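Architecture and fold: a report
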Amino acid sequence: MSKVNVMDHPLIAYKVTRLRDKDTTVKEFRELVNEIALLMGYEATRDLELKDKEVETPITKTIGKEISKEIAVVPILRAGLGMVDALMSLIPSAKIGHIGLYRDHDTAEPVEYYCKLPPDIDKRIVIVVDPMLATGGSSAAAIDFIKQRGAKDIRLMCIIAAPEGVEYMQKAHPDVDIYCGALDEKLNEHKYIVPGLGDAGDRLFGTL
Ligand code: PRP
Ligand code: URA
């Protein structure tokens, strides 16, 4: 069974609250998503394995560390895009894949429209990012695609998760650990997270 890591950092709790506020502007929403992704990125990379690397300081040679496995960050379009810059600033060598999915308005089922992943995705640690884990359908489908390309070491980073989405993901992908900024109460009848923050893509890109 996968691990579910719910963040307990006070700054994440404060910033998620700002994100939820319906009066938060598009500009501030975008900045907050970036800042939360940066803080969460520390936690989601805490267990990365290291290997020795020799480095020469101005004084002497010494043995330092480097990350032993390359990383790929895969945002689920659209809203996952808001979390990419933060992870790129933490891990500049990461390659970026993109998966385009949207939830059909009537059925809430994910519909794929784009998939472009680094060719060596099977050798990388893959961090899938999407602010919202609601029914779990989009994340589970995105991870299906990534696994079809051979990836084995995958983790999911989302800012707000619903218990229903966590359960669905754990059944569909018991090998994928989940990192979330907040675990909310439930889904409503339209499959939106309660209390949630509304439609993350629309709030991020001003398409409300
Ligand atoms: C949102 C969100 C997730 C998905 C979560 O995307 O960014 O991808 O819904 O819902 P689920 O867990 O029930 O699948 P949306 O479909 O609104 O697309 P968008 O990012 O293009 O607005
Ligand atoms: N997608 C969103 O953007 N918000 C929700 O609450 C559920 C799915």
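Residues numbered from 1 in each chain as written. Chains lettered and ligands numbered in written order. Predicted model: local features only at pLDDT ≥ 70, side-chain atom pairs only at ≥ 80, totals over all residues. Heavy atoms only, no water.

A separate point is the site of ligand 2. The environment of ligand 2 is formed by Arg103, Met132, Ala134, Lys191, Tyr192, Ile193, Gly198, Asp199 and Ala200. Between ligand 2 and isoleucine 193 there is a distance of 2.8 Å, counted from an oxygen atom to a backbone nitrogen or oxygen. In this structure, an oxygen atom belonging to ligand 2 sits 2.8 Å away from a main-chain N or O atom of alanine 200. Against a free-state accessible area of 230 Å², the protein chains account for coverage of 89% of ligand 2. (Near = heavy atom within 4 Å. Polar contact = N/O pair within 3.5 Å; in protein donor to acceptor, adjacent residues only side chain to side chain. Areas by Shrake-Rupley, 256 points an atom, 1.4 Å probe, with all protein chains shown as cover.)

Below, the discussion takes up the environment of glycine 181. By the secondary structure assignment, glycine 181 is in strand S11 (residues 177–183). Owing to a relative accessible area of 10%, glycine 181 belongs among the buried residues under this scheme. When near neighbours in sequence (up to four residues on either side) are disregarded, glycine 181 contacts Met7, Ile12, Met40, Cys158 and Ile159. (Helix = DSSP H or I, 4+ residues; strand = E, 2+ residues; numbered from the N terminus. Buried < 20%, exposed > 50% of the residue type's maximum accessible area, 1.4 Å probe, protein only. Contact = heavy atoms within 4.5 Å.)

With an omega dihedral of -5°, the bond running from leucine 77 to arginine 78 counts as a cis peptide bond. Mapped onto the secondary structure, arginine 78 falls in the loop between strand S4 (71–77) and helix H3 (84–90). Going from valine 194 to proline 195, the amide bond is cis rather than trans, its omega being 0°. Looking at where proline 195 falls in the secondary structure, it is placed in the loop between strand S13 (193–194) and helix H6 (200–205). Backbone geometry places alanine 108, a non-glycine residue, at a positive phi of 65°. With respect to the helices, strands and loops of the structure, alanine 108 is situated in the loop between strand S6 (98–103) and strand S7 (110–116). Classification of alanine 108 by relative accessible area gives buried; the value is 9%.

These results come straight from atomic positions and should not be treated as a statement about function.
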